[in-house]
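Residues per chain, in single letters:
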Amino acid sequence: MRKPNIAILGATGVVGREITKIIDELKIDYNEIKFLSSAKSAGTKLEFQGKTYVVEEAKPESFDGVNIVLASAGGSTSQKFAPEIVKRGGVLIDNSSAFRMEKDVPLVIAYVNDEDLRKHKGIIANPNCSTSQLMLVLKPLLDKNPIKRLIVSTYQAVSGAGLAAINELTENTKARLEGKDFENKKFNKPIAFNVIPQIDVFCENGYTKEEMKVVNETKKILHLPQDLPISCTAARVPVYNGHSEAVDIEFENEITPDEVREILKNSFGVKVIDNPANMEYPTTRDASGVDPVFVGRIRKNLAFQNGISLWCVADNLRIGAALNTVRICQKVIEMELY
């Protein structure tokens, strides 16, 4: 198997740095690697696997000879460079929302819908962070019992909005504790000691773009009918890292909480912590810095026939972004799709 030349686009960002770390952790076997960014961050030095690399400004010619590009530099940057990458024979694995819902672009969670990778035409999309952790939970359940209805409520950490959002939570919290005025810039409302029921802009139907991403991406990844009822409410919470989700699922056939626990205990990328009698259930602190999607509070849903309610948490910078990007890269290499 030939070794690919890899480039990381957006290498100095929060997710870009996490991608770099996970490439090392997963021991991705590559021939050469380069780190790319905007002109503003070009020249930054990065230490990686015992070597010092200088981050280069991304230009069309930067992708000459590159087989796989792992991008986390924003939608406009991905749209700008995607044609250049594809034209040069490279495969773009993109973290932004730019291509997710395009018909000819596979939207992939590694180990969930790997076969969709074979359909790529040079671009592969990484799903939204809140969708990503949900798919590793839903797929093994869907394989056992068709899903009839789905309601998801997300409680999302500020790191999902980038470094500026992380800093705003810190500064806003300090100001509030010291009784000082604070002007929030990244969020529409103060984030300290608050929950904001808005992520991204509102659509005509009253849902936000973030909520509709969960609805539409879930259907695309799991190949669900377009008329399957799915609803989502997304809120930003004053947590640095780790998204939480309350999930209510109605199945076609009867299923018990014990059956769900057993299915998930034997599923890839999922760890069940579910013993409420001993206060054992997952929190964002359990998930931060590690790979699994943690699931607990598995119980019968009292509103749905054949319904199950559960709680899941995951590190949004890893499974929600960087980890899945690198896992896709790993699959592309293994399946020789570059």
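Now for a look at the structure at hand. (Residues numbered from 1 in each chain as written. Predicted model: local features only at pLDDT ≥ 70, side-chain atom pairs only at ≥ 80, totals over all residues. Heavy atoms only, no water.)

Some words on the layout of surface pockets
Right, so step 1: As a volume, the largest pocket reaches approximately 1,300 Å³.
Right, so step 2: For the largest pocket, the lining is made up of 49 residues, of which Ser-72, Gly-74, Gly-160, Ala-161 and Gly-162 are closest to its centre.
Right, so step 3: Mapped by element, the contributors of at least two residues to the lining of the largest pocket are α1 (14–25), α2 (75–87), α5 (209–222) and α8 (318–334).
Right, so step 4: Of the residues contributing to the lining of the largest pocket, the split by class is 17 nonpolar, 23 polar and nine charged.
Right, so step 5: Taken as a whole, the second largest pocket holds about 280 Å³ of empty space.
Right, so step 6: In terms of lining, the second largest pocket is formed by 16 residues, of which the most central are Glu-102, Lys-103, Val-105, Lys-220 and His-223.
Right, so step 7: Residue composition of the lining of the second largest pocket, grouped by class: five nonpolar, four polar and seven charged. (1 Å grid on protein atoms, 1.4 Å probe; cavity = no way out; pocket = protein on both sides within 12 Å on 5 of 7 lines; lining within 4 Å. Points joined across faces, edges and corners; volume = space filled by probe spheres on them. Helix = DSSP H or I, 4+ residues; strand = E, 2+ residues; numbered from the N terminus. Nonpolar A, V, L, I, M, F, W, Y, C, P; charged D, E, K, R; others polar.)

A look at the pattern of salt bridges
Right, so step 1: All chains considered together, the criterion is met by 19 salt bridges.
Right, so step 2: A salt bridge links Glu-84 to Lys-87; the shortest N-O distance between them is 3.3 Å. Here Glu-84 pairs with Lys-87, and both are found in helix α2, just three residues apart, close to one helical turn.
Right, so step 3: Given the relative accessible area of 63%, Lys-87 is considered exposed.
Right, so step 4: A salt bridge links Asp-114 to Lys-331; its shortest N-O distance comes to 3.3 Å. One end of the pair, Asp-114, is in the loop between β7 (91–94) and β8 (123–125); the other, Lys-331, is in helix α8, with 217 residues separating them in the sequence.
Right, so step 5: For Lys-331, a relative accessible area of 12% puts it in the buried group.
Right, so step 6: One salt-bridge network, in which partners are shared between bridges, spans Glu-18, Lys-21, Glu-25, Asp-291 and Arg-318. (Salt bridge = Lys/Arg side-chain N within 4 Å of Asp/Glu carboxyl O. Buried < 20%, exposed > 50% of the residue type's maximum accessible area, 1.4 Å probe, protein only.)

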